[in-house]
Amino acid sequence: MSAHRTEKTETAQLPHSFSEPVTLAIIGGTGLYHMASLEPVARLTVSTPWGFPSSPITISRTSTGFPIAFLARHGLHHDLLPTDVPSQANIAALKSLGVKVIVAFSAVGSLQEHVSPRDFVIPNQIIDRTKGIRPSTFFESGFVGHVGFGEPFDKKLGELIYNTCKDTIAPQKLHSPATEKKDTLLICMEGPAFSTRAESQLYRSWGGTVINMSCIPESKLAKEAEISYQMICMATDYDAWNVNEEPVTVETVVSNLKANGENANKLATTLIPALEKALVAGEIGNDLKDTSKSSISTNPNAVTRQLLEKMHFLFPGNWPAYK
Ligand SMILES: CSC[C@H]1O[C@H](OP(=O)(O)O)[C@H](O)[C@@H]1O
Ligand SMILES: Nc1ncnc2[nH]cnc12
């Protein structure tokens, strides 16, 4: 895929550890395998109770020294199917570094005429059309919890991203609840094959704005891990709903990927300082604190040592003493 580029420092020996907390992370999707504006200072291989993440996590610093983590969702060489992305490990690994805010990029199909390929969409709602075959929770039998998912994205973070993006992106190319005056609805399908025309038309009848294969379970796991999460969608195609056009193929997607990757990198140069400022001021990243704790149904005294150990990876010191 032409969008694959190597980091300047890829061959250089980078430290495999980083001792400071990293509060901001970017997850790159299709066509975004590193952030061109960021120079890595460390490359971490993080082992979690849910396995290894999709890729090593690179840590970079802004001009003020603020650290940022970057993770490639499908691996550095895009060798993971959407179904096989190890989202539990990805989110758990970022959480273990201290991450409080994740901005996730995704290549999406447009379900609306006015959302053109190469436009940006900030979604605020999701309909889950995955097939229940992806591990989608940190909870399990023996340690049962139910977090709220009514607002799958962090509203404050979404608004901050919108307010920053609107100064860099032409108004007609940026779509958010503020511009649409209604929900911006992201449909998440299983894949890897794209939708049929009938499915695509069904999603339009539901009010779908865009479609991808990757916001579930990533967004759900971020919520369980108490991490503020917002996806930034970059349209690459018109999916399959338009009877006057050929349904989406990977060729269509790829033809817009390079531009989208470049646009995402451009956007990041203004977005990252804004996120840094808001994080340092404590304005974002704290709203979900302790929400998981209060979502537990299982009697704490009945939880086994093994399960508590897993939970302590996500929330060190936050759970009751071992049985
Ligand atoms: C190559 S087109 C389908 C692929 O693109 C999107 O990936 P991502 O969300 O990681 O940018 C979509 O979700 C599919 O996985
Ligand atoms: N049409 C589409 N459907 C699902 N995921 C996509 N990613 C990019 N285009 C897509």
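These numbers were taken from a predicted model, which means no experiment stands behind them.

Asks: Whenever I open this one, unusual backbone geometry confuses me. Can you help?
Replies: Glycine aside, negative phi is the norm for most residues, and most peptide bonds take the trans geometry. Cis geometry marks the peptide bond from Gly191 to Pro192, where omega comes out at 0 degrees. With respect to the secondary-structure elements, Pro192 resides in the loop between strand S9 (185-189) and helix H4 (197-205). That bond from Ile216 to Pro217 is cis: its omega, 10 degrees, falls within 30 degrees of zero. Following the sequence through the fold, Pro217 ends up in the loop between strand S10 (208-212) and helix H5 (218-224). The phi torsion at Arg118 lies on the positive side, around 85 degrees, for a residue other than glycine. Along the chain, the position of Arg118 falls in the loop between strand S5 (101-110) and strand S6 (120-121). At Asp290, a residue that is not glycine, the phi angle is positive and equals roughly 70 degrees.

Asks: Sorry if this is basic, but what is going on with the site of ligand 2 here?
Replies: Around ligand 2 sit 13 residues in total, of which Ala107, Gly109, Asn212, Asp239 and Val248 are the nearest. At the level of secondary structure, the elements contributing two or more residues to the shell around ligand 2 comprise S5, S10 and strand S11 (228-237). For the shell around ligand 2, the element with the most residues is S5, which contributes three residues.

Asks: Which parts of the structure should I look at to understand helix H2 (residues 155-165)?
Replies: Residues spaced three or four apart along an α-helix point in a common direction, a consequence of the helix completing one turn every 3.6 residues. Within H2 the residues assigned to the buried category are Leu157, Gly158, Leu160, Ile161 and Tyr162. Buried residues along H2 sit in contact with S5, helix H3 (177-180), S11 and helix H6 (250-280).

Asks: I'm lost on the UniProt feature "binding site: substrate" (unreviewed entry) in the protein chain in this one. Help?
Replies: Cross-referencing UniProt, the feature "binding site: substrate" (unreviewed entry) maps to Met213, Asp237, Tyr238 and Asp239 in the present numbering. For Tyr238, a count of 22 C-beta atoms within 10 Å gives the class buried. Ignoring anything within four residues of it in the chain, the contact list for Tyr238 reads Gly109, Ser110, Glu245 and Val248. Relative to the helices and strands, Asp239 is located in the loop between S11 and H6.

Asks: It is not clear to me how the site of ligand 1 should be interpreted in this structure. Could you clarify?
Replies: Taken together, 13 residues form the shell around ligand 1, and within it Gly29, Ser106, Asn212, Met213 and Ser214 come nearest. For the shell around ligand 1, the secondary structure elements donating two or more residues are S5 and H6. Across the shell around ligand 1, the residue classes tally to five nonpolar, seven polar and one charged.

Asks: Would you mind showing me how to read the nonpolar core here?
Replies: Taken as a class, soluble globular proteins show a tendency for nonpolar side chains to be buried jointly. Membership of the largest hydrophobic core comes to 82 residues, with the highest contact counts inside it found for Ala69, Ile102 and Cys233. With residues near it in sequence (within four places) discarded, Ala69 still touches Val22, Ala25, Ile57, Ile59, Leu94, Leu97 and Val99.

Asks: Got a minute to help me understand the pairing of strand S3 (residues 57-61) in this structure?
Replies: The element S3 is largely enclosed, with a buried count of four among its five residues. Relative to S3, strand S2 (residues 40-44) is paired through four bridges, and the arrangement is antiparallel. Note on S3: the bridge partner recorded for Leu44 is Ile57.

Asks: Is there a simple way to think about helix H1 (residues 87-97) in this case?
Replies: Most of H1 sits out of view: nine of its 11 residues are buried. For H1, every residue scored as buried is listed here: Ser87, Gln88, Ala89, Asn90, Ile91, Ala92, Ala93, Leu94 and Lys95. In the core, the buried residues of H1 are packed alongside strand S1 (24-28), S3, strand S4 (67-72), S5, H5 and helix H7 (305-314). Of the residues flanking the end of H1, it is Gly98, one or two places downstream, whose phi is positive at about 110 degrees.

Definitions and cut-offs
- Residues numbered from 1 in each chain as written.
- Chains lettered and ligands numbered in written order.
- Predicted model: local features only at pLDDT ≥ 70, side-chain atom pairs only at ≥ 80, totals over all residues.
- Helix = DSSP H or I, 4+ residues; strand = E, 2+ residues; numbered from the N terminus.
- Near = placed C-beta within 6 Å.
- Buried ≥ 20, exposed ≤ 12 C-beta atoms within 10 Å, placed from the backbone.
- Contact = placed C-beta atoms within 7 Å.
- UniProt positions renumbered as here; feature names shortened; annotations may be inferred.
- Nonpolar A, V, L, I, M, F, W, Y, C, P; charged D, E, K, R; others polar.
- Core = buried A, V, L, I, M, F, W, Y, C linked by C-beta atoms within 7 Å.
- Pairing = 2+ DSSP bridges.

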